[in-house]
Amino acid sequence: MMRRSPFLSLPAFFMQITRRVRTIGLLLPVLAGLALLAGLAGFRISEGMGLAALQETGRHRLDLYAESLEREIDKYAYFPATLGLERDVLDLVTGRAPLAWGLNRYLERLNERAGTLSIYVLNRQGRVVAASNWNRPDSFIGEDLSYRPYFIEAAAGRQGRLFGVGTTRGEAGYYLSSPLAEDGAIVGVAVVKVSLEQLEQSWSTVEAPVLVSDENGVVILASVPSWKFTTLRAMDEPTRRQFDRTLQYNARPLPPLGLTPLDRIAPDAELVQLARPADGEAETAVFPVSGSFLAQTAPLHGTGWTMTVLSPVSQITGMAWTRAALAAVGSAFLGILLLMWVQRRGHLRDLERKVEERTRNLRAAQDELVHAGKLAVIGQLSAGLAHELNQPLAALRTLSGNTVKFLQRGNLDAAKSNLERIAQLVDAMGALTSQLKSFARKSSGAPRPVAVRRPIDNALFLLEQRLRRSDIAVTVDVPEDVAALCDPNRLEQVLVNLVANGLDALAGRTGGKMTLTARTEDGRTRIQVADNGHGLSEDVLPRLFEPFFTTKEAAKDGAREGSGGLGLGLAISAGIVRDFDGALTGANGADGGAVFTIDLPAADLPADPTTILAEDLACPTLPPPP
Ligand code: ADP
């Protein structure tokens, strides 16, 4: 039989290592790619979530700020129209009353009470006829404001709403104008100029920059002072010329704010970049005033204005990067764990395969050895058998010769007695040969319930000749119903080994005794073979079941009396017993000799005797010695 080395050959070992390294080399970039993807996904998800949360708060702020501004503006919405109810006002604008002193003072008081910047009345031509600031050097009285858009609107019969910078004092404000009508005809215009500074001041405490731009994209209100009178979008020449003509912003330069749109994420929300301010603006503000922002806009009702709230996204980006790094590291860690697990599984599979292969090889080797062991015993037996058979054969020869003579003489009784003796001898010889046949047969080895008494008797029978020649008293204490789950032929083989070893240990001694017992207890059947020989020394005990361990000298010319000398008997026997889920153990007995115990699973004998195989039934007994 070919024997395989348990170790890999060197080239195979290197090939395996190279293969592993190559697998890892291939997997590492994949792992890195996966980590990168996980990082990117982590970033995107975190950024998306952060932006959604920011959008939510931004929208909330926008609603809050817009509402307060609208409330402020609404307070004055119907103010100019109510002036049209005053008789004095109508008289003045139509020229029916030439002097405006009383009305001027009335407007002055009204202006103080309402907290507005100024209140004034224009006639149909657009000239100021009465004003709250009548007694100031820069009073509007007599001024022609017909070119101002709020006058044009109101003169056309509509409500005028306009943010503008005053031409006289350069004061920014919100102009609300209403037509003054009499008998269905427009006879003048009333104007109220409202300051929004109060509201603007309250904005300095808001958590995010907020600004209001008018219909031209000019920032008219802002929580950051330097943003005021800048433009959100580039202004073309015609628009600029129009501003120059109407003096809406009183010839202010209107530089761009420096807002660059980056990405629109919703109809009313856009990511924008704000350029770094030139001077120390950033330090004075309680919130960042440059960098990336989420700009959210809402129109302000009743005006052509748009409110914009800017929420800084730097925090979100920082958080997203942290989460991305965590996701990448986490996925890389998981990947490495997976890789290790895959590698380990590969290792284990390799190992399992090797163990399986080796077990197969060992089992085959053991089978061979069992078979070889049997043949060796047969070899030893044949010498004894030849001797055993020679005597009956010689007797047969003599008996048959005598029978012929008795027949010739007509002595039938003597002939009959001879023939009966011949039949007995032939039976005994047949029993011997059939036993040999069963011993040499390779057993299937499948376990089945076996009454252990029979293999014990068979083993003793096989060694009968040696037993008879020695002076050993054999005691068998085995009840018929003690059964074990095993193969009878293999059990017999084990017993032959154990009894033969006992015989060896007792060789040359007087008063040798061997005891074979069997009992079933707690689901196990234990068969014990005990002798009163030299026992097992401390050197022998630990190596008892080691293959090729023997203390017996090699037999001369193979004509040795003992069962072995190869040191295989116990190793093979232990293997056989193990195959049946059993155990073979050796120890020293109380009376100094060795005790071997075969421990097997107990079995119930089948009630139906036909299930017992024919080979189990053949239990010959030797004829009495002639
Ligand atoms: P072998 O019989 O060929 O030596 P075994 O495996 O059957 O091989 O036995 C190994 C050794 O165990 C023997 O050489 C002997 O030293 C010891 N041994 C086995 N049975 C007995 C026994 N009944 N009494 C004392 N020693 C024993």
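Preceding this paragraph is the structure being described.
Scoring rules and cut-offs
- Residues numbered from 1 in each chain as written.
- Predicted model: local features only at pLDDT ≥ 70, side-chain atom pairs only at ≥ 80, totals over all residues.
- Heavy atoms only, no water.
- Phe/Tyr/Trp six-rings, centres within 6.5 Å; stacked < 30°, edge-to-face > 60°.
- Helix = DSSP H or I, 4+ residues; strand = E, 2+ residues; numbered from the N terminus.
- Buried < 20%, exposed > 50% of the residue type's maximum accessible area, 1.4 Å probe, protein only.
- Lys NZ or Arg CZ within 6 Å of the ring centre and 35° of its normal.
- Pairing = 2+ DSSP bridges.
- Axes fitted to C-alpha atoms, helices over the stretch in contact; angles between N-to-C directions.
- Contact = heavy atoms within 4.5 Å.

Asks: What am I meant to see in the packing of aromatic side chains here?
Replies: Any aromatic ring pair is given by two values, namely how distant the centres are and how the planes are angled relative to each other. Under the counting rule described, the total for this entry stands at six aromatic pairs. With a centroid separation of 4.7 Å and 75° between ring planes, the pair formed by Tyr 120 and Phe 140 is classed as edge-to-face. Linking Tyr 120 in strand β1 (residues 118-123) with Phe 140 in the loop between β2 (128-131) and α5 (149-155), this pair joins segments that are 20 residues apart in sequence. Here Tyr 120 and Phe 140 have matching classes, each one buried. When the ring centre of Tyr 175 is taken as origin, the NZ or CZ atom of Arg 148, which lies over that ring, is 5.2 Å away. Between Arg 252 and the ring centre of Phe 229, over which it is positioned, the NZ or CZ distance is 4.1 Å.

Asks: Where do I start with the sheet that holds strand β16 (residues 524-531) in this structure?
Replies: Each strand in a sheet pairs with another by means of backbone hydrogen bonds, the pair being arranged parallel or else antiparallel. Strand order in the open sheet made by the five strands is β13-β15-β16-β18-β17, with mixed pairing throughout. Strands with a single pairing partner mark the edges of an open sheet, and in this sheet they are β13 (472-477) and β17 (583-588). In this sheet, adjacent strand axes meet at a mean angle of 15° when their direction is disregarded. Pairing of β17 with strand β18 (residues 594-601) involves six bridges; the strand directions are antiparallel. Counted as the bridge partner of Asn 588 is Ala 594 from β18. On top of the sheet, helix α11 (residues 453-462) reaches β13, β15 (512-521) and β16; it is set at about 165° to β13, its chief contact.

Asks: Is there a simple way to explain the pairing of strand β5 (residues 185-194) in this structure?
Replies: For a regular strand, the rule is simple: side chains alternate between the two faces of the sheet. The buried count for β5 comes to eight of 10 residues, which makes it a mostly enclosed element. As defined by bridge partners, β1 adjoins β5 across six bridges and the pair is classed as antiparallel. Within β5, the position partnered with Tyr 120 by the bridge is Val 191. Pairing analysis gives nine bridges linking strand β4 (residues 172-182) to β5, with the strands arranged antiparallel.

Treat this as a map of the structure, not an account of what it does.
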